[in-house]
Amino acid sequence: MAGVTDAPFRAAVRGFGTPLVYSEMVASAELLRDRRSAALRLNADRDEGSIAIQLAGREPAMLAEAARLAEGEGAFLIDINMGCPAKKVVGGQCGSALMREPELAAALVRAVVGAVSVPVTVKMRLGWDDDQRNAPELARRLEQEGATAFTVHGRTRAQFYDGVADWNFIGEVKAAVKVPVLANGDVRSISDAVQILKTSNADGVLVGRGAFGRPWIISQMQAAVRGSPVPDEPSDAVKWEVALTQYRGSLSHYGAELGRRVVRKHLGWYAEQISKDKLLRDRLVRASDPEPLLVALARGDVAAAA
Ligand SMILES: Cc1cc2nc3c(=O)[nH]c(=O)nc-3n(C[C@H](O)[C@H](O)[C@H](O)COP(=O)(O)O)c2cc1C
């Protein structure tokens, strides 16, 4: 998720045993133009291990070149974004706009599959709007070009993030292709994760907003869908420790000034998830140096935090 799933947050999610994490979406043109800034967003933590890197673009040769670069950065999987609804992205005819151009979408997959040796997957929505729910046909077409899995967010582009995700329709994509389909949209609880798989018959679940401020939830969902014992909810002190580690990780990843700015919204999400205390949230988000407060919270020192 652009602006959210950076290396420090991915490290927090991985810390609970979640095996598959994705980079933020990176525009292929940006990656080719400014490798350093794009590399910072992709990975740059060399010890992170391999990640799935998501690229956006509409020029097959450029996307292929960017994919080659991303593979060199450690991507074990390249995901092509055909789902982003943002006006800035759609205006450039990328993201979900590609769902209206199946031949171009096919050319993009063909070019990237030909350029890299890692699997190439596609993220899409149900279609452009309710009159053009073409995800099943598009997925079938892209499967022929070598796409090895699909993630389907159960909304149309016209919906942006409104309404509710249609988990049933994701099942139509699942029925249309032989490769794995990962279901996505509105999975916020452990029971949602179980239910989206039942409803869509998909092969896996991807979680976005549900993990904001609670990176531990994905491993709990994972256990539930596998029928394994669900790990206990971490204590508040452990949760604050996770927030503190992400805070420190952001400072070392981006440098102190940018790191503090980038991690601020995450601290707000942690506060909302852990304490519900609006004052505490405000203190964390506004502090020029929230570290002492985070350290106190991670120690369980409620008095210091009050
Ligand atoms: C802030 C934000 C940034 C996002 N950035 C991306 C992105 O870069 N690539 C992508 O495929 N989806 C992106 N998404 C969409 C999510 O991956 C996901 O498909 C959508 O939010 C529905 O799933 P959820 O209900 O689990 O969040 C973004 C969503 C949000 C809220």
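Everything discussed here concerns the structure shown above.
A brief report on the enclosed structure follows. All residue numbers refer to positions counted from 1 along the written sequence of the respective chain. Given that this is a predicted model, residues contribute local features only at a pLDDT of at least 70 and side-chain atom pairs are listed and counted only at 80 or more, while totals for whole chains, interfaces and linings are drawn from all residues. Here the side-chain values reflect all heavy atoms present in the structure, with hydrogen atoms and water set aside.

**So, the nonpolar core**
Now for step 1: We call a set of buried Ala, Val, Leu, Ile, Met, Phe, Trp, Tyr and Cys residues a nonpolar core when their side-chain atoms join them within 4.5 Å. Buried residues are those whose accessible area, probed at 1.4 Å on protein chains only, stays under 20% of the maximum for their type, while exposed residues exceed 50% and partly exposed ones sit between those limits. Leu55, Ile78, Met82, Met124, Leu142 and Phe150 are the most contacted members of the largest nonpolar core, which has 63 residues in total.
Now for step 2: The element contributing the most residues to this core is helix 6 (residues 102-115), with 7 residues.
Now for step 3: Throughout, a residue-residue contact means that at least one pair of heavy atoms, one from each residue, lies within 4.5 Å. Those residues within four positions of Ile78 in sequence are excluded, and the remaining contacts are Ile53, Leu55, Ala67, Ala70, Glu71, Val112, Val116, Val118, Pro119, Val120 and Thr121.
Now for step 4: Ala12, Ala243, Ala271 and Ala298 belong to the second largest nonpolar core, which has 20 residues in total. Each helix corresponds to a stretch of at least 4 residues labelled H or I by DSSP, and each strand to a stretch of at least 2 residues labelled E; elements are numbered beginning at the N terminus.

**Remarks on the site of the ligand**
Now for step 1: Gln54, Lys123, Asn184, Asp186 and Arg209 are the nearest of the 14 residues found near the ligand.
Now for step 2: N or O atoms within 3.5 Å of each other form a polar contact, as long as, within protein, one can give a hydrogen and the other can take it, and as long as residues adjacent in sequence are counted only when both atoms are side-chain atoms. Arg209 has a polar backbone atom sitting 2.8 Å from an oxygen atom of the ligand.
Now for step 3: Here the Shrake-Rupley method, with its probe set to 1.4 Å, supplies the accessible areas, and only the displayed protein chains count as covering residues. If the ligand stood free it would expose 610 Å²; the protein chains cover 83% of that surface.
Now for step 4: Three classes are used: nonpolar for Ala, Val, Leu, Ile, Met, Phe, Trp, Tyr, Cys and Pro, charged for Asp, Glu, Lys and Arg, and polar for all others, with Gly counted as polar. The residue makeup of the shell around the ligand, split by class, is 5 nonpolar, 6 polar and 3 charged. Any residue with at least one heavy atom within 4 Å of a molecule or strand is counted as near it.

**Quick notes on the packing of helix 11 (residues 236-254) against helix 12 (residues 256-274)**
Now for step 1: Where helix 11 contacts helix 12, the two axes come as close as 7 Å, and the packing angle between them is 165°. Classed by the angle they form, the pair helix 11 and helix 12 counts as roughly antiparallel. Considering only the axes of helix 11 and helix 12, their crossing is right-handed. Taking contact as the criterion, the partners of Asp236, Lys239, Trp240, Val242, Ala243, Gln246, Tyr247, Ser250, Leu251 and Tyr254 in helix 11 are, on helix 12, Ala256, Leu258, Gly259, Arg260, Val262, Val263, His266, Leu267, Tyr270, Ala271 and Ile274.
Now for step 2: Residue classes in the contact of helix 11 with helix 12 are distributed as 14 nonpolar, 4 polar and 3 charged. Simply put, an axis is a line fit to the C-alpha atoms, just over the touching stretch for a helix, and the angle between two N-to-C directions goes from 0 to 180 degrees. Just so you know how the angles are binned, under 35 degrees is roughly parallel, over 145 roughly antiparallel, 65 to 115 roughly perpendicular, and the rest oblique. In this scheme, a crossing is called left-handed if the near helix is turned counterclockwise away from the far one by less than a right angle; it is called right-handed if the turn is clockwise.

**Here we look at the packing of helix 9 (residues 190-200) against helix 10 (residues 217-226)**
Now for step 1: Running from amino to carboxyl end, helix 9 crosses helix 10 at an angle of 45°, the nearest separation of the two axes being 8 Å. The orientation of helix 9 relative to helix 10 falls into the category oblique. Pair helix 9 / helix 10 crosses with right-handed handedness. Listed contacts from helix 10 to Ile190, Ala193, Val194 and Leu197 of helix 9 are Ile217, Gln220, Met221, Ala224 and Val225.
Now for step 2: For the contact of helix 9 with helix 10, the class distribution of residues is 8 nonpolar, 1 polar and no charged.

**Some remarks on the packing of aromatic side chains**
Now for step 1: Working definition: rings of Phe, Tyr and Trp (its six-membered ring) pair if their centres are within 6.5 Å, and the pair is stacked with planes under 30 degrees apart, edge-to-face with planes over 60 apart, and tilted otherwise. Counting across every chain of the model gives 3 aromatic pairs.
Now for step 2: For the ring pair Phe212 and Trp269, a centre distance of 4.0 Å and an interplane angle of 25° mean the geometry is stacked. You can see Phe212 sitting in the loop between strand 7 (204-206) and helix 10 and its partner Trp269 sitting in helix 12, a full 57 residues away along the chain. Just as Phe212 is buried, Trp269 falls in that class too.
Now for step 3: Taken together through their ring pairs, the aromatic side chains of Phe16, Trp216 and Tyr270 make up a single cluster.
Now for step 4: Only when the NZ of Lys or the CZ of Arg is both within 6 Å of the ring centre and within 35 degrees of the ring normal is a charge said to sit over the ring. A cation over an aromatic ring shows up here: Arg100 above the ring of Trp128, its NZ or CZ 3.8 Å from the ring centre.
Now for step 5: Over the face of the ring belonging to Phe169 we find Arg133, whose NZ or CZ atom lies 5.0 Å from the ring centre.

In short, geometric facts, not functional conclusions.
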